[in-house]
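# Structural description and commentary
The lines below spell out each chain.
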Amino acid sequence: MAQKPSQTFSFQVHDGGGDRTLDGIFRLIALGENEEPLEEILTAMCADVAAIAGADVASIYVREEGPEGLRFTMRGNVGFPPEALGRVHLRPGEGITGFAASRLRPVSVAMADRDERFKYIAGLGEERFPSLLAVPVLRAGAAAGVLVLQRGKPKAFTDEEVERRAGEHERRAVRLAGRALTAGTAMGHAEVLPTLAALARAVPGPSRTTAAPALDLEEMLKRLQVELARAVTAGGATAAEITHLALILEDRRFRERLAEACARATPLRALSELGRAYARVPFATASASAAATELLGDRAAEIEDLCVLAFATTAGGRPLVRSGAIVVSERLGLFATLYAIAAGASAFVVEGEVATDGAAAAAVRASGRPLLAAVGGAFSWLRPDDLLVVDADAGVLRINPPATAVARYRSARR
């Protein structure tokens, strides 16, 4: 193809962090040729990136090696005719896209078709989108692909804009393994279930908001009793465990102390004292058997969860668990599980182990939600509101997944 003569228009090689940060989104491109349907997935990615970046055209070129040698092939696009997919090829150093791949740096130009590096490709209509940014996607020190953004206005992408666009996606993208207790997939934002100590650190001093609670304490406890009764009716090996925990809610003295703590000027402090009082019980019964001590310990943990739920209910503000969220916790207690299911949680992720035959696992199983346990490192990597994809079928948790995983999830859910 013919090349246009060089002009004195803006052409810039960006030395900022864009190549590293955008790699976080597209790090699966190098593996993409083994996944189907590749072009559908990458085109979905292009649509998302174009919307975020305010671009008229977005293309993804994937590094491929074949009989004709190394080439970068357009495998994803929005803005050009669909016939271009799989038919547009550029060698390293060829065109502005190939040049960015060979330099391993983002390259931008205000008037692409007037630059000496531009390669004209019939049928694309690139002349309508002169402003071009090519960002190499790095993997193992080489370009696994190139993301190309184009706009109709003849104004080059600046260093600041390249870094800002890249920075919008610079979040921890991590894949962690776990043990699936219930199958299924779900996508949503992380809702980390706090402990009383974590709440106390997050809400110093007077810990009541001015917003009215959506539910009063008694109503919340009654709902839990209904859910527990339903779980017992379902029968199974967990019925005895559920019946034992139901006694906590029937304990009038405990409910009175819970209400008194919530009514204090500093309810978190009072609730923490209440939780600690019950936590000390297992150690006060030295003559008890190991099994009885473990049972009392589990009961104390459930009471702490009740204290957290009581604070979330009576202090106002946003719900502890929002509909569609993926609940993440260190352990899985029955009260918190039933509360989250009723609130509309879409899945559960637990850093620690969960008893397969326990009441909490049974409740999640009955609800049809995915449950992934023993996800080591979950709290080291994720933050509240991170986007998560739970694939319990594969035993995988993705934190801030790349667009390929998001597109694959959405395609599978259709």
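Quick notes on the rules
Throughout this document, residue positions are counted from 1 along each chain, in the order its sequence is written. A pLDDT threshold of at least 70 governs which residues receive local features in this predicted model, and a stricter bar of 80 or more applies before side-chain atom pairs are shown or counted, although totals over entire chains, interfaces and linings include all residues. Excluded from the side-chain calculation are hydrogens and water; included are all heavy atoms of the structure. Each residue carries a pLDDT score, the predictor's own confidence in it, on a scale running from 0 to 100. The contact criterion used is simple: two residues touch if any of their non-hydrogen atoms lie within 4.5 Å. Counting from the N terminus, the helices are the DSSP runs of H or I reaching at least four residues and the strands are the DSSP runs of E reaching at least two. Multiply 1.5 Å by the residue count of a helix minus one, and that product is the helix's expected span. Exposure is judged per residue with a 1.4 Å probe applied to protein chains only, and the accessible area is read against the type maximum: over 50% gives exposed, under 20% gives buried, and values in between give partly exposed. Each direction from the helix axis to a C-beta atom contributes to the arc, which is the arc of those directions. We treat two strands as partners when DSSP finds at least two bridges between them. If the strands point away from the viewer and the path from the first strand over the helix to the second runs clockwise, then the crossover is right-handed.

## Remarks on the confidence of the model for the chain
For the chain, the mean per-residue pLDDT works out to 79, and 77% of the residues sit at or above 70. Overall, residues 15-36 carries pLDDT values under 50, and its contacts beyond four positions in sequence, including any with other chains, amount to 54 contacts. Contacts from residues 204-214, a stretch scored under 50 in pLDDT, to residues over four places away or in other chains number 25 contacts.

## A short note on helix α9 (residues 252-263)
The terminal C-alpha atoms of α9, which comprises 12 residues, lie 17 Å apart, in line with the 16 Å expected from a rise of 1.5 Å per residue. Those residues of α9 that fall on the buried side of the exposure criterion are Phe254, Arg255, Leu258, Ala261 and Cys262. Buried residues of α9, seen end-on, are gathered within an arc of 125° and therefore sit on one face of the element. Set apart from the buried face of α9 by more than 90 degrees, the exposed residues are Arg252 and Ala263.

## Concerning the pairing of strand β11 (residues 326-329)
Remark: a regular strand shows side chains that alternate across the two faces of the sheet. The side-chain alternation of β11 yields two buried faces, one formed by Ile326 and Val328 and the other by Val327 and Ser329. For strand β10 (residues 185-192) and β11, the ladder comprises 3 bridges, and the chain directions are parallel. By the bridge assignment for β11, Glu191 is matched with Val327. Bridging between β11 and strand β12 (residues 347-350) involves 4 bridges; their strand directions are parallel. By the bridge assignment for β12, Ile326 is matched with Ala347. Assessed by its sense of winding, the connection that carries the chain from β11 through helix α13 (residues 334-343) to β12 is right-handed.

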